[in-house]
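So you can see what is in the structure, the chains are spelled out below.
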Amino acid sequence: MGKGGEDYGEKENFGSNSNQQKTFPAWARDVKECEDHYKVNREFGLSISEVEGRRKIYGFNELEKHEGPSILRLVLDQFNDTLVRILLLAAVISFVLAWYDGEEGGEMEITAFVEPLVIFLILIVNAIVGVWQENNAEKALEALKEIQSEQATVIRGGNRVTNIPAKEIVPGDIVELRVGDKVPADMRVLSLISSTFRVEQGSLTGESEAVSKTVKAVSEDADIQGKKCMVFAGTTVVNGNCICLVTQIGMETEIGKVHSQIHEASQNEEDTPLKKKLNEFGEVLTAIIGVICALVWLINVKYFLTWEYVDGWPGNFRFSFEKCTYYFEIAVALAVAAIPEGLPAVITTCLALGTRKMAAKNALVRKLPSVETLGCTTVICSDKTGTLTTNQMAVAKLVAMVGRGDGVRVFNVEGTSYNPHDGKIRDWPVGHMDANLQMIAKIAAVCNDASVEPSGHHYVASGMPTEAALKVLVEKMGLPEKFNRDSGDDTVLACCQHWNKTERRIATFEFDRDRKSMGVIANSGSGNKSLLVKGAVENVLERSSFIQLPDGSVVELNQTSRDVILKSLHDMSSGALRCLAFAYKEDLREFATYNGDEDHPAHELLLNPSNYSSIESGLIFVGLVGLRDPPRKEVRQAIEDCKAAGIRVMVITGDNKNTAEAICREIGVFDPMEDISSKSLTGKEFMDHYDQKNHLRQPGGLLFSRAEPRHKQEIVRLLKEDGEVVAMTGDGVNDAPALKLADIGIAMGIAGTEVAKEASDMVLADDNFSTIIAAVGEGRSIYNNMKAFIRYMISSNIGEVASIFLTAALGIPEGLIPVQLLWVNLVTDGPPATALGFNPPDKDVMKKAPRKSDDSLINAWILFRYLVIGMYVGLATVGVFIIWYTHGSFLGIDLSGDGHTLVTYSQLVNWAECRSWQNFSVSPFTAGAQTFTFNSNPCDYFQTGKVKAMTLSLSVLVAIEMFNSLNALSEDGSLLTMPPWVNPWLLLAMSVSFGLHFLILYVPFLAQVFGIVPLSLNEWLLVLAVAFPVILIDEVLKFVGRCTSGIQTSDSRKTSKHKAE
């Protein structure tokens, strides 16, 4: 936005693309130029008529509302899936055929309708779940609106108007900001009312400290962090007050740009790697089904279409609609058999179970597919502040004087949080603090406006983070022996309270950017006045004339002492520590009788900040501290785990380069002595880089500092284009667009903004980077288990297809009907497939390189293996059907107990010609309590009479698939090395599946629905005898696979060695 009066009238509406017109760079112009450009005077502000005129052009100061897709669009999108489309087509055809059979009054009417209704029910549930998930997609944009300011104080028409709704602000408005205010728009600072003015803008820029603002213009090409004279919408004032000029509102603000980026990223969400694989599989399956259906049709065309040759040409065509319909039903059965209907439900169940496991590890998954995506993560792009670090300032080193001031004592301070009990000071003289250390504690406690309080299981700071860290330091220092802390005192800042009681503050010299220090005048219990000062080391040292020694004596500050102090400063600054010095002064003649009374002559000196430097002169230097936003304790090990797992870590932060580099070396992203000149760039340097993709392809870690939201997005986009699977972590508003764009966005649960959480796929409940690594390991394990049950279900379906194809090819009666196949695919296969999701993880799951996102679910060898298994399933199910019709016993098992009539194989395959057979008769046979007779029509023996043979085929199919689930425990491992009891859930699931099969066999109503009958003990023995060899066959294939894999691994190692040489 930010157009001046000369542009008014040119801009038609608020929502237009202002990028086409150059934005007025208010940050690079002095205050007078800005006022002239916006045609406003800071004393008078805009008139009411000017406000109304500008509002017509610029609209209201609010973020746009993007309309999400309609419910109908979301519902239709759920059917944009190859497998779902095939299922839908099969269901429609099944329904039409069932209706046709019903019109004809067929006996199987109920059975025929069960199949299409169940498929429709699956599709409806799938659509409901999908719509529910996607309907929550735009919540990040709503959360973004919550951080906008609601009210503002504005100068209009010469009057100061408070509590104006922030949405009514227009460019050119003059706004007053005070401590605690939320900034309502992007604004240029015109004048400071207080001596200093600081804003917490870390959630927008990624900076770890509050930023001091100034009225001075900066370079026109400055990045967002460098615009020191600008304040941004949604940030918070933490110190001081000032007058500002509104330059951008609504969607033109920095937070508005983030809003646009989130919306743009949400429009570009891609399918997860698994979804892509399943879609590819669905397309291949469609082609296979089409080919097999055509083959079945061609093989059986002779049964419903016949002709005679007349004069060498075919003629006298005869077409049987009834038989045509019958073979069409076989084609539908083939489609039902080929599609793993239970797969979506099993995948959803497995992912849901995975989310529960991850929740136990503090990783809260918001979107189910993210569980699987985690498993193939190749790059983690991590924010620094609040993710790799605690986002809580902490003192790392304390430096005090020693000897005659010609040396220093350095104490290392442990701890990474505001918890006073988190760590201790190494080699600390507990209870025996000398005078020098006591003075450091006194200044840190009294010259301080912050506070620390417990909040749940952690501690939070109010006020400046650096001051809060100093108070925590005082608590770790303790009290001198003569002031022993009361053992019953559980106050968080008890030591600080002690020093504030002994030294009561009566005046404050506010921090300003010229002195770079803060001072307080304190009145001790004895009535003596002292000036306590803390600030930037160089500035405090420059105004110091003396130095305090450990015994409390004071000597003159000579060059040797000065050099020793500056060397300590250099050492700590090189380690990216922010340093503060402490000093005091006791000779305060003007304030000797001052007690805070405004009528005292000395009070006049306090009203003019220009006097502060002269008062803070002749100081006695006592020591210094180094502070930082420390890395989390567990991060270094997590980075090592990433390297072992083949995952690259890239740190993208808004913080300055030196601090970020020091942290990256400390946590192991870079080695301590590694040359990182080519691996550490600012966001601006990366955007100007001549070959960005090659830069991102460098092995090992990378660092991007001073990064803006658009830089983060560009990095994520380029990585994804290069085939990487990107996990992006973040906690601030500035991270939200990249979180949305990444394959998996990970937000911080404690320190994260609501915007970041809503834009993410996963939230870390403990803000712990190492939790991501645990979640990646869980994701890999879940993916391996999902591969196991996907292969299991697909191999089962290949068997079903082989069974139907063989039935059609041989010309025998239909052995399995669609509703039976549907039952097997949905119910019988479901429990074992789900139980395979509980397979224990491999011990080396985090020692392997991440799988490529384009890795095939089923490679050529696995496909061959399951084709062999599938062919055996087909032979076994069709074979047992033939055995019942043609054999009185098999493998010593007597099958003649039911009294059924045996036929020859030739009669069975030519059953359609039964009516032309002479003297063909069939004896009655029993099945459970039923007796089947065929006196009126012996040929019914191949139709209604096939019920026992069908039951045997179905039971063999179920039994084989149960045994096959044991094969799926490991891709190549033998059952001898990975026995069934390693996954007790699988044994339970097999029991459930067999129980369900017994249920439909022995409950009469269900047996009628599924067209089956009870089996005798001998018949069950036959089923097991035919089914069990599937384990032996797969064991042989696994052995071949292990041998082949060993040879391939050896070859690949030789190749790698040759290339290396």
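Remember, it's a predicted structure, so these values are computed and weren't measured experimentally.

So, how was this worked out
Residues numbered from 1 in each chain as written. Predicted model: local features only at pLDDT ≥ 70, side-chain atom pairs only at ≥ 80, totals over all residues. Heavy atoms only, no water. Helix = DSSP H or I, 4+ residues; strand = E, 2+ residues; numbered from the N terminus. Buried < 20%, exposed > 50% of the residue type's maximum accessible area, 1.4 Å probe, protein only. Areas by Shrake-Rupley, 256 points an atom, 1.4 Å probe, with all protein chains shown as cover. Contact = heavy atoms within 4.5 Å. Pairing = 2+ DSSP bridges. Axes fitted to C-alpha atoms, helices over the stretch in contact; angles between N-to-C directions. Parallel < 35°, antiparallel > 145°, perpendicular 65-115°, else oblique. Nonpolar A, V, L, I, M, F, W, Y, C, P; charged D, E, K, R; others polar. Disulfide = S-S within 2.5 Å. UniProt positions renumbered as here; feature names shortened; annotations may be inferred. Salt bridge = Lys/Arg side-chain N within 4 Å of Asp/Glu carboxyl O. pLDDT = per-residue confidence, 0-100. Phe/Tyr/Trp six-rings, centres within 6.5 Å; stacked < 30°, edge-to-face > 60°. Lys NZ or Arg CZ within 6 Å of the ring centre and 35° of its normal. Core = buried A, V, L, I, M, F, W, Y, C linked by side-chain atoms within 4.5 Å. Left-handed = near helix turned anticlockwise from the far one by under 90°. Polar contact = N/O pair within 3.5 Å; in protein donor to acceptor, adjacent residues only side chain to side chain. Patch = residues over 30% accessible without salt bridge, like charges linked within 9 Å, V, L, I, M, F, W, Y side chains within 5 Å. Expected span 1.5 Å × (residues − 1).

Comments concerning the overall build of the chain
Okay, step 1: Secondary structure summary: the chain contains 37 helices and 34 strands in total.
Okay, step 2: Here the chain holds 1061 residues, and 56% of them are scored as buried.
Okay, step 3: Accessible surface, the chain as shown: approximately 45200 Å² in total, 55% of it carbon and sulfur.

Structural notes on the environment of Thr-306
Okay, step 1: Note on placement: Thr-306 falls in strand E10 (residues 305-310).
Okay, step 2: Along the backbone, Thr-306 and Phe-319 are 13 residues apart, and their C-alpha atoms lie at a distance of 6.7 Å.
Okay, step 3: With near-sequence residues (within four places) excluded, Thr-306 lies in contact with Asn-316, Phe-317 and Arg-318.

Here's the deal with the environment of Leu-305
Okay, step 1: Along the polypeptide, Leu-305 turns up in strand E10.
Okay, step 2: The exposure class assigned to Leu-305 is partly exposed, which follows from its relative accessible area of 25%.
Okay, step 3: Along the primary structure Leu-305 and Ser-320 are separated by 15 residues, whereas in three dimensions their C-alpha atoms are 6.5 Å apart.
Okay, step 4: If we ignore the near neighbours within four places in the chain, the residues touching Leu-305 are Phe-317, Arg-318 and Phe-319.

Points about the sheet that holds strand E5 (residues 198-200)
Okay, step 1: The strand order across the open sheet built from three strands is E6-E5-E8, with neighbouring strands paired in antiparallel fashion. The two strands at the open ends of the sheet, each matched to only one other strand, are strand E6 (211-212) and strand E8 (236-239).
Okay, step 2: Taken together, the three bridges between E5 and E8 define a ladder with antiparallel strand orientation. Bridge pairing links Glu-200 to Thr-236 in E8.

Section: the sheet that holds strand E26 (residues 680-682)
Okay, step 1: Across the sheet, which stays open at both edges, the eight strands sit in the order E12-E30-E29-E28-E13-E25-E27-E26 with mixed pairing between neighbours. Here the strands that pair on one side only, and so sit at the sheet edges, are strand E12 (363-365) and E26. On average, each strand axis in the sheet is tilted by 20° relative to the strand beside it, whichever way the strands run.
Okay, step 2: Looking at chain direction, strand E28 (residues 726-730) and strand E29 (residues 744-748) are connected through four bridges and run parallel. The partner of Thr-729 across the bridge, within E29, is Ile-746.
Okay, step 3: Each of E12, strand E13 (379-382), strand E25 (648-652), E28, E29 and strand E30 (762-764) touches helix H28 (residues 769-810); the most contacted strand, E13, lies at about 160° to it.

Section: the pairing of E10
Okay, step 1: Examined bridge by bridge, E10 and strand E11 (residues 313-319) share five bridges and lie antiparallel to one another. The partner of Thr-306 across the bridge, within E11, is Arg-318.
Okay, step 2: Connecting E10 to the antiparallel partner E11 that follows it, the hairpin turn spans two residues, and Asp-311 within it adopts a positive phi of roughly 55°.

Considering the packing of helix H15 (residues 465-477) against helix H16 (residues 494-502)
Okay, step 1: In contact at an axis separation of 7 Å, H15 and H16 are set at 95° when each is read in the N-to-C sense. Between H15 and H16, the angle falls in the class roughly perpendicular. Note on element contacts: H16 touches H15 through Ala-494, Cys-495, Cys-496 and Trp-499, opposite Lys-471, Val-474 and Glu-475.
Okay, step 2: Partitioning the contact of H15 with H16 into residue classes produces five nonpolar, no polar and two charged.

Quick look at the state of the cysteines
Okay, step 1: Scanning the entire structure with this criterion turns up one disulfide.
Okay, step 2: Across the disulfide, Cys-914 is cross-linked to Cys-939 (sulfur-sulfur distance 1.9 Å). Torsion about the S-S bond of the Cys-914 and Cys-939 cystine: about -90°, corresponding to left-handed handedness. Of this pair, Cys-914 sits in the loop between helix H32 (905-909) and strand E33 (925-927) while Cys-939 sits in the loop between strand E34 (930-932) and helix H33 (947-967), and the two are 25 residues apart along the sequence. In this pair, the class of Cys-914 matches that of Cys-939, namely buried.

Topic: the UniProt feature "transmembrane region" (unreviewed entry) in the chain
Okay, step 1: Here the UniProt feature "transmembrane region" (unreviewed entry) sits at residues 82-100, 112-132, 284-305, 325-353, 857-885, 981-1003 and 1009-1032.
Okay, step 2: Split by type, residues 284-305 is 95% helix and 5% strand. Its first and last C-alpha atoms lie 31 Å apart.

Considerations on the pattern of salt bridges
Okay, step 1: By the definition in use, this model includes 31 salt bridges.
Okay, step 2: Across the pair Glu-35 and Arg-42 runs a salt bridge whose closest N-O atoms are separated by 2.9 Å.
Okay, step 3: Lys-948 is the salt-bridge partner of Glu-1019, the closest N and O atoms lying 2.9 Å from each other. Of the two residues, Glu-1019 sits in helix H36 (residues 1017-1027) while Lys-948 sits in helix H33, which places them 71 residues apart along the sequence. Exposure class is identical for Glu-1019 and Lys-948. Each is buried.
Okay, step 4: Shared partners join several salt bridges into a network, and the residues in it are Lys-693, Glu-714, Arg-717 and Glu-721.

Regarding the confidence of the model for the chain
Okay, step 1: Summary statistics for the chain give a mean pLDDT of 80 and a share of 84% for residues scoring 70 or more.
Okay, step 2: Under a pLDDT of 50 for its full length, residues 136-141 has, in the predicted model, 13 contacts with residues more than four places off or in other chains.
Okay, step 3: This stretch, residues 1047-1061, has a pLDDT under 50; its non-local contacts, to residues over four places away or in other chains, come to zero contacts.

Notes on the packing of aromatic side chains
Okay, step 1: According to the stated counting rule, one finds 21 aromatic pairs in the structure shown.
Okay, step 2: With 5.8 Å between their ring centres and 55° between their planes, Tyr-941 and Phe-942 make a pair best called tilted.
Okay, step 3: When its relative accessible area of 0% is taken as the criterion, Phe-942 is described as buried.
Okay, step 4: Relative to Trp-1020, the ring of Phe-998 has its centre 5.2 Å away and its plane inclined at 80°; by these criteria the two rings are edge-to-face. Placement of Phe-998 in helix H34 (residues 984-1002) and of Trp-1020 in helix H36 is noted, with a sequence separation of 22 residues between them.
Okay, step 5: Here Phe-998 falls in the partly exposed class, since its relative accessible area comes to 36%.
Okay, step 6: Through pairs of rings, three or more aromatic residues link up here, namely Phe-881, Trp-884, Tyr-885, Trp-917, Phe-920, Phe-925, Phe-932, Tyr-941 and Phe-942.
Okay, step 7: The residue whose ring lies beneath Lys-167 is Phe-60, and the NZ or CZ to ring-centre distance is 5.2 Å.

With respect to unusual backbone geometry
Okay, step 1: Phi angles above zero are rare outside glycine, and Asn-163 is one such case at about 55°.
Okay, step 2: On the secondary structure map, Asn-163 appears in strand E2 (residues 159-165).
Okay, step 3: According to the relative accessible area criterion, Asn-163 is exposed, its value standing at 51%.
Okay, step 4: The phi dihedral of Lys-516 falls on the positive side, at around 55°, and the residue is not glycine.
Okay, step 5: Tracing the chain through its elements places Lys-516 in the loop between strand E18 (503-509) and strand E19 (517-524).
Okay, step 6: Residue classification places Lys-516 among the partly exposed positions, given a relative accessible area of 40%.

Comments concerning the nonpolar core
Okay, step 1: Among the nonpolar cores identified, the biggest contains 130 residues, and Phe-769 and Tyr-885 are the most heavily contacted of them.
Okay, step 2: Tallying contributions element by element places H28 first for this core, with 15 residues.
Okay, step 3: Those residues in contact with Phe-769 that lie beyond four places of it in its chain are Ile-380, Ser-382, Thr-387, Leu-388, Val-635, Ala-638, Ile-639, Cys-642 and Val-649.
Okay, step 4: Within the second largest apolar cluster, 53 residues are counted, among which are Cys-229, Leu-696, Phe-704 and Ala-707.

Here's the deal with the packing of H33 against H36
Okay, step 1: At their nearest, the axes of H33 and H36 sit 9 Å apart, and the two run at 45° to each other. Regarding the angle of H33 to H36, the classification is oblique. Note on packing geometry: the crossing formed by H33 with H36 is right-handed. Touching Lys-948, Leu-952, Ser-955, Val-956, Ala-959, Ile-960 and Phe-963 of H33 are Glu-1019, Trp-1020, Val-1023, Leu-1024, Val-1026 and Ala-1027, all from H36.
Okay, step 2: By residue class, the composition of the contact of H33 with H36 is 10 nonpolar, one polar and two charged.

Quick look at the side chain of Asp-898
Okay, step 1: Examined against the element boundaries, Asp-898 turns out to sit in the loop between strand E32 (893-894) and H32.
Okay, step 2: Within the local environment of Asp-898, its side chain forms a polar contact with the side chain of His-900, the two groups lying 2.6 Å apart.
Okay, step 3: In this view, Asp-898 contacts Trp-884, Pro-924, Phe-925, Thr-926, Lys-948 and Glu-1019; residues no more than four positions away in its chain are not counted.

Topic: a nonpolar patch on the surface
Okay, step 1: There is a patch of nonpolar side chains on the surface, built from Val-291, Leu-295 and Leu-298 and spanning about 290 Å² of accessible area.
Okay, step 2: Inspection of the secondary structure assignment puts Val-291 in helix H9 (residues 273-304).

Concerning H33
Okay, step 1: In this model, H33 (21 residues) spans 30 Å end to end at C-alpha, consistent with the 30 Å of a helix rising 1.5 Å per residue.
Okay, step 2: Here H33 lies mainly inside the structure; 21 of its 21 residues are buried.

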